[in-house]
Amino acid sequence: MLTVEGLSIELEGSGVDIADEVAFTIRGGEILGLVGESGSGKTTVATALLMFERHGAVLGGGRITIDGRDVFAMDAKTLRSIRGRLISYVPQDPSMSLNPALRIRTQLMEILVTHGFGTSNEEREARVAEMMDEVLLPSGRDFLRRYPHQLSGGQQQRVAVGMAFACRPAMIVLDEPTTGLDVTTQAHVLRTVKDLTRMYGVAALYVTHDLAVVANVADHIAVMYAGRIVEVGPTETLFRSASHPYTRRLLISVPDLSGKHTLRGTLGRAPGPGHRPQGCRFAPRCKLAISECRAEFPPDDGPDENHRVRCWRWREVVAEPADTEFASRLRTEDTDGEGAVITVADVRCSYGDNDVIHGINMSVDSGRCLALVGESGSGKTTLARCISGIHSGRIAGSIKLDGHELKRNSRERPKSDRQAIQYIFQSPYASLNPRKSIAQILSLPLKMFFELNRNERETRMIEALERVSLDGSLLSVYPDQLSGGERQRVAIARALLAEPRVLICDEVTSSLDVLVQASIVELLSKLVRDLGVAMIFVTHHLPLVRSLADTVAVMNRGELVEYGCVDEVLDNPQAEYTKNLLADTPTVDIVDVP
Amino acid sequence: MHLARLILQRLALGIGTLFLVSVLIFLATQALPGNAARAILGNTATPEKVAVLSRQLGLDKPVARQYAIWVSHFVSGNLGRSFVGMDQPVSQVIGQPLYNSTVLVVLAALVSVPLSIGLGTYAALRRDGRLDRAVTTSTVALAALPEFVIGILVIIILSTEVLHLFPPIARPNPSVPVYRQLDELVLPVLTLTLAVFPYITRMMRAYTIEILESEYISMARLKGLPERIVIWRHAVPNAIVPAVQGTAMQLAWLAGGIVAVEYVFAYPGIGSALISAITERDIPTIQAITLILASVYVLLNLAADIITILVTPRLRTGLR
């Protein structure tokens, strides 16, 4: 059992808090999900449980006890003896956390040797084999002799999980262990973690930004905002009657696979260390905020002993009636090629000697969104790149825009074709030139495609920024002054300025936090209806498909395994692959979201 | 199988590089002004004599053929004959200087490489400590000075103006083994060491810090491993590659950088030999020395590449 009381972590030297007043309890065999956006301090809190400070952070004060032992009071030697033995850690990215120079066996054995687990090498070898079985990996000599780079991402993460359970610890900290894994692999890893914690009565802290993931594995959930825990409660209670306004915001921004509610985003961003307001830190974004909220951080309160919330107005939040805007949105049923803007017929393409796409047929109508879904390596991005003319390999088959055949390479296409198809890239951090101001970035498509004078250009740029809910004054700033969500909006504005017929969005929300993701999806969905563009939305995240798309194309290994209307495909999938994908996708069952 | 192919590939690349270098050297010496035969015979020679000597030296043959002859001789160990000093074989002209320089470079390497690797790693482990700060500032200062300036400062401080510990010029007696007259070599070795160690030290420090901040080192600490194992098992194997690469680069630099330092100390090494060969237009000697220096450069880098392949699992095993 783990107890944390009044934990605070500060930036070295300045005393600026990264996290403070953090308190929670985890009992053996239970998993606590610690949920928060990037910059909320969740990972700092997670490593603090092992008394591990990241460069530049120092532990300020508080109390951490594991099975009655006060971790805070331990000297360096005692700490070393409990790390990996009493409390262990599963890292976010195993490809970075496993030592590339050492064999798997060495890295597994050393933790047993260090902590004196087992009395002989044979005994330890046996434990390693047992660990491998528990995380469903081969335990043979050949496998253990491998180096980390010889394993897949999922296998690496299993090794890390096995390592964490090696010495049968009382407590385990998992730091977003499934980020970057495919849904299928993620589902396997989650199941393994859950089984092992139950089996050995381990208390586990599961850190994540993804509510849907913890909904399936955690017994309790703690929600963190700007360095503080604002609400804690049993998973079901929290989803049923969230009592903090921020938790409610989080819940409605989780894409819902079942399609019972529409996504709604939240503008603004969480304040970082050093910029946090007095009182409740969510107050500036909260519509229920009163003067009390701005003056003082609310005390620990809540409906019952297990469900705690730190909000002055939680009673009002609970009592707030269900939002009537959550009506099922309009979806049109026609998926025929008639009126299609983009038609893809029997497209095959390759990278070097490897065929990556084997004959794809699909089409997108104007004012409609087609979701292109698949796991990594399915060929979905390659197909999107073929359509936009930036794929460098061989392409066979036919790609038509408004009925006429498109050239393979965008450089050979006439200006009108290039203008008609606009691409929005995955990472807004990489797709905007850091040396150019927003005005310079946005004026490029205008100069390329239209004859306009300076003033006309400026008017259009301001209109475009406002269309994506950004302020016109941002024209003079540079990308590094913007948050990830704002940058992605700028990228969308740039695409819109070309007045395209087709908008290709390549995993545009995968590097963004849930609240921001929700607001971007909301924006895109509105743009499709308002402007009548045809959108191709490439994603690996099925719940987003339900919120945004009209038709869906599921791809696996370069083949189209299922293609049709979103509701039909998701509610009644025909292909085995789609069924598995749906089964492995974590879902939040929100009974009655207000 | 994969490993053998990778190493053979590197070897082939190294040989290819050497070939290109030899072509460049040959063409560069061809471009030197003046006729070699005239250079040998002096300004008073008659045109007939020059023509006869040109034929003897093979200067009347096409350039490509001259190159082929030169290379084939070079490969078989025949470095040709010097234009000056009574038609001596080049191997004799450069034999002793080559030996002298090798002694100097090897001594400098033996001192500077372990010192700088140790110092760089230690500074990284005690990052922001007093020693680290001393190391970072002093290495910046030293790196900013050209090696001949360091040499002159060393002479001023240890030999002439301040202290009188060692002789200001290094002219070991060729008939006595070098290891019995080491005091002659102290200053040149010190100068070369001071010129080389800032680079390796700073590089080792930077790479070690990067390794220590990597997630796998954090992970090793979070597993509760003793610091000794964290450093020696987890950090050091990953630091071998930068250490080897940096060392090879600096040793290769030493092979060329020695020229100026030898000049400062009037040391009878390959640098001095090269300078006198240039003033005397002794083309075969210039070619031989530059090609030897280039080969050292290529071989050191080749060795570093092969060691890198051998100690990096990802390169050694290929993918899966």
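Note that the coordinates shown come from a computational prediction; the quantities given were computed from them, not determined experimentally.

1. Brief notes about the side chain of B:Ser22
Residue and element names in this part refer to chain B.
In step 1: Considering the arrangement of structural elements, one finds serine 22 in helix α1 (residues 2–31).
In step 2: The class of serine 22 is buried, set by a relative accessible area of 6%.
In step 3: At a separation of 2.6 Å, a polar atom in the side chain of serine 22 contacts the main-chain carbonyl oxygen of phenylalanine 19.
In step 4: Every residue in contact with serine 22, bar those within four places of it in the chain, is listed here: Tyr67, Trp70, Val71 and Leu291.

2. Quick look at the sheet that holds strand β17 (residues 421–424) of chain A
Residues and elements named next belong to chain A.
In step 1: Pairing is mixed across the open sheet formed by six strands, whose spatial order is β17-β18-β19-β14-β20-β21. Two strands bound the open sheet, and with one partner strand each, they are β17 and β21 (559–565). Recorded for the sheet is a direction-independent mean angle of 15° between the axes of neighbouring strands.
In step 2: Where strand β14 (residues 369–373) meets strand β19 (residues 534–539), five bridges bridge the pair, whose relative direction is parallel.

3. A few points about the packing of helix α10 (residues 227–264) of chain B against helix α11 (residues 270–279) of chain B
All names here are of chain B.
In step 1: Between α10 and α11, whose axes approach to 7 Å, the crossing angle comes to 90°. What the angle tells us is that α10 and α11 run roughly perpendicular. Residue-level inspection shows Ile258, Val259, Glu262 and Tyr263 of α10 in contact with α11, the latter providing Ile270, Gly271, Ser272 and Ile275.
In step 2: Class assignment of the residues belonging to the contact of α10 with α11 gives a composition of five nonpolar, two polar and one charged.

4. A short note on the sheet that holds strand β12 (residues 340–351) of chain A
Residues and elements named next belong to chain A.
In step 1: Taken together, four strands build an open sheet; the order of strands is β13-β12-β15-β16 and the sheet is antiparallel. Every interior strand has two partners, whereas the edge strands, β13 (354–365) and β16 (404–405), have only one.
In step 2: Here nine bridges tie β12 to β13, and the two strands are oriented antiparallel to one another. Considered in β13, the bridge of cysteine 349 is made with isoleucine 357.
In step 3: The strands touched by helix α14 (residues 380–388) are β12, β13 and β15 (395–401); relative to β12, the strand with the most contacts, the crossing angle is about 115°.

5. Some words on the pairing of β17(A)
All names here are of chain A.
In step 1: Covered by surrounding structure in β17 are Ile421 and Tyr423 together with Gln422 and Ile424, the residues of both alternating faces.
In step 2: As paired strands, β17 and strand β18 (residues 502–506) are joined by four bridges and run parallel to one another. Its bridge partner lying in β18, tyrosine 423 is registered against isoleucine 504.

6. Quick notes on the domain arrangement of chain A
Residues and elements named next belong to chain A.
In step 1: Split into domains, chain A comes out as domain 1 (2–86 + 169–319), domain 2 (99–165) and domain 3 (340–584).
In step 2: Taken together, the contact pairs 24 residues of domain 1 with 25 residues of domain 3.
In step 3: It is Pro255, Leu257 and Leu263 that lose the most area in domain 1 upon contact with domain 3, and together they represent 26% of the buried surface on that side.
In step 4: Our count for the domain 1 to domain 3 interface comes out at one salt bridge.

7. Some remarks on the domain arrangement of chain B
Residue and element names in this part refer to chain B.
In step 1: In terms of domains, chain B is made up of domain 1 (2–75) and domain 2 (90–317).
In step 2: Placing a centre on the C-alpha atoms of domain 1 and another on those of domain 2 gives a separation of 31 Å.
In step 3: Each side of the interface is counted separately: domain 1 has 20 residues, and domain 2 has 19 residues.
In step 4: Carbon and sulfur atoms supply 81% of the area buried between domain 1 and domain 2, which totals about 1800 Å² over both sides.
In step 5: By the criterion of area lost to domain 2, the three top residues of domain 1 are Arg10, Leu18 and Phe74, representing 26% of everything that side buries.
In step 6: Where domain 1 meets domain 2, there are one salt bridge.
In step 7: Notably, a salt bridge pairs arginine 10 with aspartate 305, separated by 3.5 Å at the nearest N-O pair.
In step 8: Scanning the region where domain 1 abuts domain 2 turns up two residue pairs in polar contact (both at pLDDT 80 or more).
In step 9: Counting only elements with at least two residues in the side of domain 1 that touches domain 2, the list comes to α1, α2 (36–41) and α4 (63–75).

8. Concerning the interface of chain B and chain A
In step 1: With 25 residues of chain B at the contact, the number on the chain A side is 30 residues.
In step 2: Carbon and sulfur atoms supply 59% of the area buried between chain B and chain A, which totals about 2400 Å² over both sides.
In step 3: Where chain B packs against chain A, one counts two salt bridges.
In step 4: Across the pair A:Glu110 and B:Arg233 runs a salt bridge, and its minimum N-O distance is 2.7 Å.
In step 5: Of all elements in the fold, only α9 (215–222), α10 and α13 (313–317) of chain B reach the threshold of two or more residues within the side of chain B that touches chain A.

9. Observations regarding the confidence of the model for chain A
All names here are of chain A.
In step 1: Averaged over chain A, the pLDDT score is 87; the fraction of residues at 70 or greater is 95%.
In step 2: When mean pLDDT is compared element by element in chain A, strand β3 (residues 31–35) scores highest at 95, while helix α13 (residues 314–319) scores lowest at 85.
In step 3: Long-range and interchain partners of residues 324–337, a stretch whose pLDDT sits below 50, account for 32 contacts in this model, where long-range means more than four residues apart.

10. Topic: the nonpolar core
Residue and element names in this part refer to chain A.
In step 1: Leu108, Leu211 and Ile221 are the most contacted members of the largest nonpolar core, which totals 67 residues.
In step 2: Among the elements that line this core, the one with the most residues is helix α7 (residues 153–165), at six residues.
In step 3: When neighbours within four sequence positions are excluded, isoleucine 221 is seen to be in contact with Leu32, Gly33, Val35, Leu211, Val214, Glu231, Val232, Gly233, Thr235, Leu238 and Phe239.
In step 4: One finds Ala371, Met461, Val508 and Val533 within the second-largest nonpolar core, a separate group that totals 60 residues.

11. Considerations on the packing of aromatic side chains
In step 1: In total, this model carries nine aromatic pairs over all chains according to the counting rule given.
In step 2: Following the ring pairs from residue to residue traces out a cluster consisting of B:Phe19, B:Phe26, B:Tyr67, B:Trp70 and B:Phe74.
In step 3: Over the aromatic face of A:Phe297 sits the side chain of A:Arg228, whose NZ or CZ is 4.0 Å from the ring centroid.
In step 4: Over the aromatic face of A:Phe450 sits the side chain of A:Arg460, whose NZ or CZ is 5.0 Å from the ring centroid.

What counts, and at which threshold
Residues numbered from 1 in each chain as written. Chains lettered and ligands numbered in written order. Predicted model: local features only at pLDDT ≥ 70, side-chain atom pairs only at ≥ 80, totals over all residues. Heavy atoms only, no water. Helix = DSSP H or I, 4+ residues; strand = E, 2+ residues; numbered from the N terminus. Buried < 20%, exposed > 50% of the residue type's maximum accessible area, 1.4 Å probe, protein only. Polar contact = N/O pair within 3.5 Å; in protein donor to acceptor, adjacent residues only side chain to side chain. Contact = heavy atoms within 4.5 Å. Pairing = 2+ DSSP bridges. Axes fitted to C-alpha atoms, helices over the stretch in contact; angles between N-to-C directions. Parallel < 35°, antiparallel > 145°, perpendicular 65-115°, else oblique. Nonpolar A, V, L, I, M, F, W, Y, C, P; charged D, E, K, R; others polar. Domains from an automatic or database assignment. Buried area = accessible area lost by both parts, 1.4 Å probe. Salt bridge = Lys/Arg side-chain N within 4 Å of Asp/Glu carboxyl O. pLDDT = per-residue confidence, 0-100. Core = buried A, V, L, I, M, F, W, Y, C linked by side-chain atoms within 4.5 Å. Phe/Tyr/Trp six-rings, centres within 6.5 Å; stacked < 30°, edge-to-face > 60°. Lys NZ or Arg CZ within 6 Å of the ring centre and 35° of its normal.

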